[in-house]
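# Summary of structural features
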There are 2 protein chains.
Amino acid sequence: MSSKINLQQLDTFLSVVRCGGIGKAAEQLNLTQPAITTRIRNLEYSISATLFERTSRGLKLTKRGEVLLSYAEKFLHLAELVERDVVDHQAVERRLRLGVSETIAQSWLPAFVEKLNQKFPKLTVEIKVDISVELRNSLLDREIDLAILLGPISEYSVDNVALPEFELAWFASTSFSVEEAKQLKCPIASYARNTRPYRELKAALFEKVGPETVIFPSSSLSACFRLVEAGLCVAALPKALAKDYFERGSIREFDPGWTPSPLQFTASYLGDPKSYLIETAANIAHDVSMAQMT
Amino acid sequence: MSSKINLQQLDTFLSVVRCGGIGKAAEQLNLTQPAITTRIRNLEYSISATLFERTSRGLKLTKRGEVLLSYAEKFLHLAELVERDVVDHQAVERRLRLGVSETIAQSWLPAFVEKLNQKFPKLTVEIKVDISVELRNSLLDREIDLAILLGPISEYSVDNVALPEFELAWFASTSFSVEEAKQLKCPIASYARNTRPYRELKAALFEKVGPETVIFPSSSLSACFRLVEAGLCVAALPKALAKDYFERGSIREFDPGWTPSPLQFTASYLGDPKSYLIETAANIAHDVSMAQMT
DNA sequence: AGAGGTTACGGGCAGCGTAAGGATC
DNA sequence: GATCCTTACGCTGCCCGTAACCTCT
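Residues numbered from 1 in each chain as written. Chains lettered and ligands numbered in written order. Predicted model: local features only at pLDDT ≥ 70, side-chain atom pairs only at ≥ 80, totals over all residues. Heavy atoms only, no water.

## Side note on the protein's contact with DNA strand C
Test applied: Any residue with a non-hydrogen atom lying within 4 Å of a molecule or strand is treated as near it. Counted as a polar contact is a pair of N or O atoms within 3.5 Å, where, for protein atoms, one must be capable of donating a hydrogen and the other of accepting one, and residues adjacent in sequence contribute only when both atoms are in side chains. Starting at the N terminus, helices and strands are each numbered in turn, a helix being any DSSP run of H or I of at least four residues and a strand any DSSP run of E of at least two.
In the neighbourhood of DNA strand C, 18 residues make up the surrounding shell, with Thr32 and Arg39 of chain A together with Gly23, Gln33 and Arg54 of chain B lying closest. Backbone atoms, meaning sugar plus phosphate, form 73% of the atoms of DNA strand C positioned within 4 Å of the protein. Arginine 39 of chain A places a polar side-chain atom, nitrogen or oxygen, 2.8 Å from a phosphate oxygen of DNA strand C. For the surface near DNA strand C, the elements supplying multiple residues, two or more each, are α3 (33-47) of chain A together with α2 (22-28) and α3 (33-47) of chain B.

Below you can see the structure in the form of structure tokens.
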């Protein structure tokens, strides 16, 4: 009796094909190279045929390998459906490594996590707040499962769910007159360096105000608001985050004649391997943000 | 991370459902009851839900179990397709336990085994020759994989492939005159007791010749022909088997006005679990017999 | 008591990681 | 030598079988 194939072997096989090598697959699966070699060899043994031609630089699928590939995809798709329809998400403990931009952390992240915990009560959510470019790298390195950032990420491997835009507006301390503020002559607080809003703001200020404009980039948006409140800076920041400060009466909105374009966020995740949890989380992010932003 | 499901668990699950109990499934899979219990419990653990309600007499599927059942069937169907399209049958060693009636053993069995070995070079064929009723029991007890017998077997679990009929004819020693033979007054050699041809012959002789007819049932058809050759008996036997004896000139055909109806053989096998090998073997039996019987 | 399933526990083996070994550029 | 993959080998943990146990009729 020939030993039967199993899902782990097929999953491994798919990883090797998609990663284009055993070493890469081992990395992706958090295993060693020999472990992957063994799995593939066992799979080949159990079908009594080779799946790869071992060339000098890496592997190449055989015809049989191509055929098995299509079946392996069907198997894992089916496994994903079982995950969706049969597994009890109320009971199973899992982990979601979530990366979010500061803006999100300051607005609808709590509502998102609450909804997530409602749908997956045993889910552990690990949150990392960072600038979009770092989140992007973390996602591609598989250090996080889902990134909510200034997107989309235009890699073929990434799926992006568009989220509602954040409109920006100019804010200044109420100690300034509107006319004073409009000059944009005091320092401008802004998003951190290496972020899209920062670069766009810097370019626009250079063009519309002049090269001598001073920008204070900050990795913390609440710090920006504090700087504005204190009358040290003015800033173009998301309207959605200004509510508390308005209520305190410490800042006001003003219009110097232009504002940076709205912030387009996406919930982005790797398409392979397909995960119902991550996909659902991205959709929940969409639903929650839509509800919160109206 | 919840441990993943695997194909073995799903296969076991299917067996339990189809056998209607853990004990029966254990028997079918040649394992012990606790092993099956463990597999099912692990499967339940990995989906974090129960699949069966444990009642006093046996198990009953839960709603989740019903859903998983349909997926499990899809999984194993897919596995069967892989078996068909990916596994190298030229290389894999397998075993086919074949049960055949004497008539088949004497006619196209060699051609069948040759063709089988041509298509599956590494296949071990175990041959058991017995009367149809015993082959039927062996098949249902899973002691053989494929039975070629007087069919069909009308159990819901059995698939039957119809094979060409064996026409019967009356034979007598050339030492008898045709007129002598037609009386059917000497003993009649026939198939073994408990076979369909025996019962039919006995009933027909009772009606057409009388209750005093003597029948010599034999489990060996070649023994029947020898008895006929020796002038001790006449017999209604398959035309297809008479060729050698004709050529020797030791027997002749005669027609007492009626002959038993032709022998209808089938290649029969259990539908569960689906097996490409067995299914293909049955079809090869069909092809070979069609070719040989023309 | 017997027919069903479950729990307890020891042993064998599959499969992992570490480390060393090719092969090819 | 660098980059891949494979081989060798010890070890851990999974899963099976034996045996005892439970629970209903």
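## Notes on unusual backbone geometry
The phi dihedral of arginine 142 of chain A falls on the positive side, at around 60°, and the residue is not glycine. Relative to the helices and strands, arginine 142 of chain A resides in the loop between α7 (132-140) and β5 (146-150). One non-glycine residue, asparagine 194 of chain B, lies in the positive phi region at around 70°.

## Structural notes on the packing of aromatic side chains
Under the convention used in this document: Side-chain rings of Phe, Tyr and Trp (the six-membered ring for Trp) are treated as a pair once their centres are within 6.5 Å; stacked means planes under 30 degrees apart, edge-to-face means over 60, and tilted covers the remaining angles. For each residue, the accessible area found with a 1.4 Å probe, counting protein chains only, is set against the maximum for its type, and the residue is called buried under 20%, exposed over 50%, and partly exposed in between. Put simply, a charge is over a ring when the Lys NZ or the Arg CZ is close to the ring centre, within 6 Å, and near the line of the ring normal, within 35 degrees.
Enumeration over the complete set of coordinates arrives at 17 aromatic pairs over all chains. Between the aromatic rings of phenylalanine 13 of chain A and phenylalanine 52 of chain A, the centroid separation amounts to 5.6 Å while the plane-to-plane angle is 55°, which identifies the pairing as tilted. Of the two residues, phenylalanine 13 of chain A is situated in helix α1 (residues 7-19) and phenylalanine 52 of chain A in strand β1 (residues 52-55); the sequence distance between them amounts to 39 residues. Taken together, a centroid distance of 5.9 Å and an interplanar angle of 50° make the contact between phenylalanine 171 of chain B and phenylalanine 225 of chain B tilted. Of this pair, phenylalanine 171 of chain B sits in strand β7 (residues 168-173) while phenylalanine 225 of chain B sits in helix α10 (residues 221-229), and the two are 54 residues apart along the sequence. The pair formed by phenylalanine 171 of chain B and phenylalanine 225 of chain B is uniform in burial state, with each residue classed as buried. An aromatic cluster is defined as three or more aromatic residues linked by ring pairs; in this entry it consists of Phe171, Phe225, Tyr245 and Phe246 of chain A. Positioned above the aromatic ring of tyrosine 71 of chain B is the side chain of lysine 74 of chain B, whose terminal nitrogen or guanidinium carbon lies 5.3 Å from the ring centre.

## So, empty space enclosed by the protein
Formally: Buriedness of a pocket was judged along seven lines, with at least five required to meet protein on both sides within 12 Å; pockets are open sets of points on a 1 Å grid over the protein atoms alone, cavities are sets where a 1.4 Å probe fits but cannot get out, and lining residues have an atom within 4 Å of a point. Grid points are joined across faces, edges and corners, and a volume is the space filled by probe spheres set on the points.
This model, assessed by the stated rule, comprises 6 cavities of 30 Å³ or more. By volume, the largest cavity amounts to about 90 Å³. Forming the boundary of the largest cavity are 10 residues, of which Lys4, Ile5 and Ser46 of chain A together with Glu83 and Val87 of chain B lie nearest the centre. Residue contributions to the lining of the largest cavity peak at 3 residues, all from helix α4 (residues 63-85) of chain B.

## Concerning the protein's contact with DNA strand D
The criterion, for reference: Charged means Asp, Glu, Lys or Arg here, nonpolar means Ala, Val, Leu, Ile, Met, Phe, Trp, Tyr, Cys or Pro, and polar covers whatever is left, Gly included.
DNA strand D sits among 17 residues. The nearest are Gly23, Gln33 and Arg54 of chain A together with Thr32 and Arg39 of chain B. Of all DNA strand D atoms lying within 4 Å of any protein atom, the proportion belonging to sugar or phosphate reaches 70%. In the model, a phosphate oxygen of DNA strand D is placed 3.0 Å from a nitrogen or oxygen of the isoleucine 22 of chain A main chain. In this structure, glycine 23 of chain A approaches DNA strand D through a main-chain N or O atom, which is 2.8 Å from a phosphate oxygen. Elements with a minimum of two residues in the surface near DNA strand D: α2 (22-28) and α3 of chain A together with α3 of chain B. For the surface near DNA strand D, the per-class residue count stands at 5 nonpolar, 8 polar and 4 charged.

## Examining the interface of chain B and chain A
The line we're drawing: We call two residues contacting when some pair of their heavy atoms lies within 4.5 Å. Here the quantity called buried area is the accessible surface, traced with a 1.4 Å probe, that two parts lose on coming together, added over both. Throughout this description, the term salt bridge denotes a Lys or Arg side-chain nitrogen within 4 Å of a carboxyl oxygen of Asp or Glu.
With 29 residues of chain B at the interface, the matching set in chain A holds 29 residues. Of the roughly 2,600 Å² buried between chain B and chain A, counting both surfaces, carbon and sulfur atoms make up 68%. Residue arginine 64 of chain A pairs with aspartate 88 of chain B through a salt bridge whose shortest N-O separation is 3.8 Å. Viewed at the interface, chain A and chain B are joined by 6 residue pairs in polar contact (both at pLDDT 80 or more). The element contributing the most residues to the side of chain B that touches chain A is α4 of chain B, with 13 residues. Grouping the amino acids of the side of chain B that touches chain A by side-chain chemistry returns 17 nonpolar, 3 polar and 9 charged.

## Description of the side chain of arginine 97 of chain A
Mapped onto the elements of the fold, arginine 97 of chain A is located in strand β3 (residues 94-100). Looking at arginine 97 of chain A, its side chain comes within polar contact range of the main-chain oxygen of glutamate 143 of chain A, at 3.3 Å.

## Looking at the relation of the copies chain B and chain A
Note the cut-off: A least-squares superposition brings the copies together, and it is based on the C-alpha atoms of residues with pLDDT no lower than 70 in both.
Aligned on chain A, chain B shows an RMSD of 0.1 Å; the corresponding rotation is 180° and the shift along the axis is 0.0 Å. Here the transformation between the copies is reduced to the relation of a two-fold axis.

## Quick word on α7 of chain A
Residues and elements named next belong to chain A. Applied cut-off: The directions from the helix axis to the C-beta atoms are what the arc is built from.
For α7, the complete set of buried residues consists of Ser132, Leu135, Ser138 and Leu139. Buried positions in α7, seen along its axis, are confined to an arc of 120° and lie on one side of it. Residues of α7 that are buried make contact with β3, β4 (123-129), β5, β6 (158-162) and β12 (265-270). Just downstream of α7, arginine 142 is the residue with a positive phi angle, here 60°.

## Side note on the side chain of serine 46 of chain A
Note that serine 46 of chain A resides in helix α3. At a separation of 2.9 Å, a polar atom in the side chain of serine 46 of chain A contacts the main-chain carbonyl oxygen of leucine 43 of chain A.

## Concerning the domain arrangement of chain A
Note the threshold: An automatic or database domain assignment is the source of the domain bounds shown.
For chain A, the domain assignment lists domain 1 (7-85), domain 2 (89-165 + 264-293) and domain 3 (168-254). Here the C-alpha centre of domain 3 of chain A lies 52 Å away from the C-alpha centre of domain 1 of chain A.

## So, the pairing of β5 of chain A
Residue and element names in this part refer to chain A. Formally: A pair of strands is considered paired only if DSSP assigns at least 2 bridges between the two.
Buried residues dominate β5, accounting for 5 of its 5 residues. In this structure, β3 lies alongside β5, joined through 3 bridges in parallel fashion. Within the sheet, the bridge partner assigned to glycine 99 lies in β5 and is alanine 147. By the bridge criterion, 4 bridges tie β5 to β12 in an arrangement that is antiparallel. Counted as the bridge partner of leucine 149 is threonine 266 from β12.

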